[in-house]
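# Understanding the architecture of this molecule
Here is how the chains run, residue by residue.
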Amino acid sequence: MRCKFITMAFRVAGLFLKKELTGPVQQQLRLLSTSNTARAQFLSNSPNTALDKSILQRYKSLETPANRVQATYLWIDGTGENIRLKDRVLDKVPSSVEDLPDWQYDGSSTYQAQGENSDTTLKPRALYRDPFKPGKNDIIVMCDTYSADGKPTASNKRAAFQDDINQIGDQEPWFGIEQEYTLLDVDGRPFGWPDNGFPAPQGPYYCGVGADRVYARDLVEAHAIACLYAGIDFAGTNAEVMPAQWEYQVGPSNGMKASDDLWVSRYILQRIAEEYGVVVTFDPKPMEGQWNGAGAHTNFSTKAMRADGGMKAIEKAIEKLSKQHQRHIRAYDPKEGKDNERRLVGRLETSSIDKFSWGVANRAVSVRVPRGVATAGKGYFEDRRPSSNCDPYAVCGALVRTCLLE
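Attention shifts here to the side chain of D138. As for its placement among the helices and strands, D138 is situated in the loop between strand 4 (119-129) and strand 5 (139-146). The side chain of D138 sits in the buried core without any salt bridge; K133 is the nearest counter-charge, 6.9 Å away. In this structure the side chain of D138 is engaged in a polar contact, spanning 2.9 Å, whose partner is the backbone nitrogen of Q70. For D138, the contacting residues outside a window of four places in its chain are V69, Q70, Y128, R129, D130 and K133.

As structure tokens, this is what we get:
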């Protein structure tokens, strides 16, 4: 049975072609091919691939009481970049997030409290349909976290962002976030890369098609469907520049909705990857060398920017951003810029972490104005600095504070 599922995972990845290839593609395939023995061991170190996934279906098909609801409470732990969860059963179907009870957990086990005073509080903030549980009313609950004194934990950036939103009046900020990520095997090697070598250089993989260019599309498409089912403003997906790297987009939505959506979509992605026995990393530079890093490019607009003549409002906001570059760098990754130091190097479609820059249709700058926006004279801009492991509450909050509140 184990071999059966290893083979299935191998087939899903689509790593090997049987047909004859010629030219550069043939050279690339040789780099990716492995022996039959290696194929049999593909993902063999991933415990989840050894489980018979059909067994759970027996229990999912059982009828459960209509008035009982399984609720998965999600929160961000003390790292500022990892999701934790626990499930509870509710005695009635909630009509809104206000119907849900607060809950406690052991914050000393999530880097958020000391053992002698470890009860930490979850406050429900947003509801989503659950694509994993069998009940039609089962839900995912996005929460933020509070210490024993009632104050937000250090990793709760949502609370401060909510305070910012309460001050901006009718300016209607919209956000669209481009989440890049990389798929790994359980040993930390990019999914589909050869054990003793590297794939061919970047070039054929971005938005690519074909088993020699794209790995784990099944996982990616399952993620898109699950996000749409959940109620996320899911906008699209594409293969990225480095093999085993992908991107999806959420929004455009108001700032809080886009941020909640991004966190829940990350959770859904990681849950689906569990079933395939694959690891998702949001590390902004998972492979050193001439391989693109991963970001969370954030597109931002206000009502004034979207109106006729909005280019003036866009340029005014960019001018404000240019004066607060270091503050934004600190807000744009959970280690206050240390993660982005590895990514924002002025090469591989990135700007320098040390200097603010902007331009039209330029992907080597801090802030890009798309060509269509410049032509129309209105629209939005793209802040290309946020890292793939950023906290979107911190990113969107920084943009609101700099562009709208100062």
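This paragraph deals with the environment of R385. Relative to the assigned elements, R385 resides in the loop between strand 13 (381-383) and helix 12 (392-404). R385 gets classed as buried once you look at its relative accessible area, which sits at 0%. Leaving out residues up to four positions away in the same chain, R385 has contacts with L321, H325, H328, I329, Y332, N340, R343, L344, F356, S366 and V367.

A separate point is the sheet that holds strand 3 (residues 103-106). If you walk across this open sheet you meet the five strands as 2-1-5-4-3, and the pairing is mixed. Each of the sheet's edge strands pairs with one partner strand only, and the pair in question is strand 2 (83-90) and strand 3. With strand direction ignored, the average angle separating the axes of adjacent strands in the sheet is 40 degrees. Where strand 4 meets strand 5, eight bridges bridge the pair, whose relative direction is antiparallel. Its bridge partner being in strand 5, K123 is matched across the sheet by D144.

The next thing to look at is helix 7 (residues 255-276). The end-to-end C-alpha separation of helix 7 is 32 Å, in line with the 32 Å expected for 22 residues at 1.5 Å each. Taken across its 22 residues, helix 7 has 17 buried, putting it largely inside the fold. Two or three places before M256, at the opening of helix 7, N254 has a side-chain oxygen 3.2 Å from that residue's backbone nitrogen. Immediately downstream of helix 7, the backbone of G277 shows phi near 75 degrees, a positive value.

Calculation notes
Residues numbered from 1 in each chain as written. Predicted model: local features only at pLDDT ≥ 70, side-chain atom pairs only at ≥ 80, totals over all residues. Heavy atoms only, no water. Helix = DSSP H or I, 4+ residues; strand = E, 2+ residues; numbered from the N terminus. Buried < 20%, exposed > 50% of the residue type's maximum accessible area, 1.4 Å probe, protein only. Lys, Arg positive; Asp, Glu negative; His and termini not counted. Salt bridge = Lys/Arg side-chain N within 4 Å of Asp/Glu carboxyl O. Polar contact = N/O pair within 3.5 Å; in protein donor to acceptor, adjacent residues only side chain to side chain. Contact = heavy atoms within 4.5 Å. Pairing = 2+ DSSP bridges. Axes fitted to C-alpha atoms, helices over the stretch in contact; angles between N-to-C directions. Expected span 1.5 Å × (residues − 1).

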